[in-house]
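Structural overview
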Amino acid sequence: VGDAAIGGAMPKSAFSANAQAKACAAAVAALVRERQPAQPKLINTCYSLVAPGYGISIAGVYQPRDGLLAEVEGAGGTSPLEAPSSVRELEAAYAEDWFRTITSEVFG
Ligand SMILES: Cc1cc2nc3c(=O)[nH]c(=O)nc-3n(C[C@H](O)[C@H](O)[C@H](O)COP(=O)(O)OP(=O)(O)OC[C@H]3O[C@@H](n4cnc5c(N)ncnc54)[C@H](O)[C@@H]3O)c2cc1C
């Protein structure tokens with residue numbers, strides 16, 4: 001999982017690595033119980049803080065296809081190009097919230 005995986009269309013990011021690790025753990029738990037693992041849909045979002053209070057983002061959804069992760073067409077996209085400053089402020093807040101969430105999930 002993560003950067004070491006040949007993941008197909010799914011970008012290499014901490015968000016992807018975290019999502020893939022959870023899907024992998026769920027699949028192992030299912031197999032241990034002799035159940036068929038569910039087909040996961042994995043989300044990646046990358047936030048960029050361009051300036052204080054000014055964020056942009058790109059998101060995508062991926063699912064297994066032919067042994068790799070393929071993009072789910074029509075899902076995801078970028079934050080709007082021509083957005084008011086209130087949207088940029090919200091995106092910046094989402095970026096900071098995501099950072100707090102992932103660091104507390106990963107490092108406790
Ligand atoms: C400048 C920069 C900015 C980034 N910004 C973002 C961002 O905003 N959002 C985002 O989602 N992602 C971001 N990323 C990407 C993100 O950091 C990686 O995708 C993520 O860390 C991958 O996690 P991983 O656990 O797969 O690999 P890694 O985090 O690289 O962990 C692999 C670990 O294995 C260790 N290791 C390697 N070889 C061995 C060995 N032989 N024996 C024992 N240990 C070994 C390494 O030391 C390392 O600790 C950024 C990356 C960079 C470089």
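Below, the structure is looked at part by part. Keep in mind the model is a prediction, meaning the values are calculated, not measured. (Residues numbered from 1 in each chain as written. Predicted model: local features only at pLDDT ≥ 70, side-chain atom pairs only at ≥ 80, totals over all residues. Heavy atoms only, no water.)

Let's talk about the overall build of the protein chain
The line we're drawing: The numbering of helices and of strands both runs from the N terminus, where a helix is a DSSP run of H or I of at least 4 residues and a strand a run of E of at least 2. Two residues qualify as a contact provided that any one of their heavy atoms is within 4.5 Å of a heavy atom in the partner residue. Residue-level accessible areas treat just the shown protein chains as cover; the underlying method is Shrake-Rupley with a 1.4 Å probe. We count Lys and Arg on the positive side and Asp and Glu on the negative side, and we leave His and both chain ends out. By convention, the point assigned to a charge is CZ for Arg, NZ for Lys, CD for Glu and CG for Asp.
Regarding its fold elements, the protein chain presents two helices and four strands. Helices and strands appear in the protein chain in the N-to-C order α-β-β-β-β-α. In terms of its C-alpha atoms, the protein chain occupies a principal-axis envelope of roughly 50 × 35 × 20 Å. Summarising the internal contacts of the protein chain: among those between residues at least 6 apart in sequence, 43% fall at separations of at least 24. Summed over all atoms, the accessible surface of the protein chain reaches about 7,300 Å², with 60% contributed by carbon and sulfur. Mean positive and mean negative side-chain charge positions of the protein chain (8 and 11 charges, respectively) differ by 9 Å.

Some points on the packing of aromatic side chains
Pairs of aromatic rings are described using the distance from one ring centre to the other and the angle between the two planes. For the record, the criterion: Only centres within 6.5 Å qualify two rings of Phe, Tyr or Trp (six-membered ring in Trp) as a pair; their planes then separate them into stacked at under 30 degrees, edge-to-face at over 60, and tilted for everything else. Throughout this description, buried means an accessible area under 20% of the type-specific maximum (1.4 Å probe, protein chains only), exposed means over 50%, and partly exposed covers the range between.
Taken as a whole and assessed by the stated rule, the structure comprises two aromatic pairs. With 5.8 Å between their ring centres and 10 degrees between their planes, Phe-15 and Trp-98 make a pair best called stacked. Taken together, the residues Phe-15 in helix α1 (residues 14-32) and Trp-98 in helix α2 (residues 85-107) connect sequence positions 83 residues apart. Residue classification places Trp-98 among the partly exposed residues on the basis of a relative accessible area of 25%.

Observations concerning the site of the ligand
What counts, and what does not: Note on terminology: near, applied to a residue and a molecule or strand, indicates that one of the residue's heavy atoms is within 4 Å of it. Polar contacts, as counted here, are pairs of nitrogen or oxygen atoms within 3.5 Å of one another; within protein the pair requires one atom able to donate a hydrogen and one able to accept it, and residues that are adjacent in sequence qualify only if both atoms are side-chain atoms.
Taken together, Gly-2, Asp-3, Lys-12, Ser-13, Ala-14, Phe-15, Ala-17 and Trp-98 make up the full set of residues near the ligand. At 2.7 Å from an oxygen atom of the ligand is found a side-chain nitrogen or oxygen belonging to Asp-3. Here an oxygen atom of the ligand and a backbone polar atom of Ser-13 are 3.3 Å apart. Within the complex, the protein chains bury 26% of what would otherwise be the 1,000 Å² of accessible surface of the ligand.

As for α1
Stated formally: In this scheme, a helix's expected span is set at 1.5 Å multiplied by one less than its residue total.
Compared with an ideal rise of 1.5 Å per residue, which puts 19 residues at 27 Å, α1 spans 27 Å between its outermost C-alpha atoms and is within 8% of the ideal. Every buried residue belonging to α1 is among Phe-15, Ser-16, Asn-18, Ala-19, Gln-20 and Ala-30, and all of these are buried. The elements touched by buried residues of α1 are β1 (42-51), β3 (68-71) and α2. Sitting at the head of α1, Ser-13 places a side-chain oxygen 3.3 Å from the backbone nitrogen of Phe-15. Looking one or two places after α1, you find Glu-34, whose phi comes out positive at around 60 degrees.

Some details on the packing of α1 against α2
Short version of the rule: To obtain an axis, a line is fitted to C-alpha atoms, over the contacting stretch when the element is a helix, and the angle between two such axes runs from 0 to 180 degrees between their N-to-C directions. The scheme is simple: roughly parallel for angles under 35 degrees, roughly antiparallel for over 145, roughly perpendicular for 65 to 115, oblique for anything else. Each crossing gets its handedness from the near helix: less than a right angle anticlockwise from the far helix is left-handed, clockwise is right-handed.
Where α1 contacts α2, the axes come no closer than 12 Å and their chain directions differ by 45 degrees. Overall, the two elements α1 and α2 adopt an arrangement that is oblique. With respect to the hand of their crossing, α1 and α2 are arranged in left-handed fashion. Here α1 contributes Ala-14, Phe-15, Asn-18 and Lys-22 to the contact with α2, which in turn contributes Trp-98, Ile-102, Glu-105 and Val-106.

Some remarks on a nonpolar patch on the surface
The condition that has to hold: Every patch collects residues that have over 30% relative accessible area and no salt bridge, joining them within 9 Å if they carry like charges and within 5 Å if they are nonpolar side chains (Val, Leu, Ile, Met, Phe, Trp, Tyr). Each salt bridge in this description consists of a side-chain nitrogen of Lys or Arg and a carboxyl oxygen of Asp or Glu lying within 4 Å of one another.
Judged by side-chain polarity, Val-50, Tyr-54 and Ile-56 come together as a nonpolar surface patch covering roughly 260 Å² of accessible area. Tracing the sequence through the fold places Val-50 in strand β1. The class of Val-50 is exposed, set by a relative accessible area of 52%.

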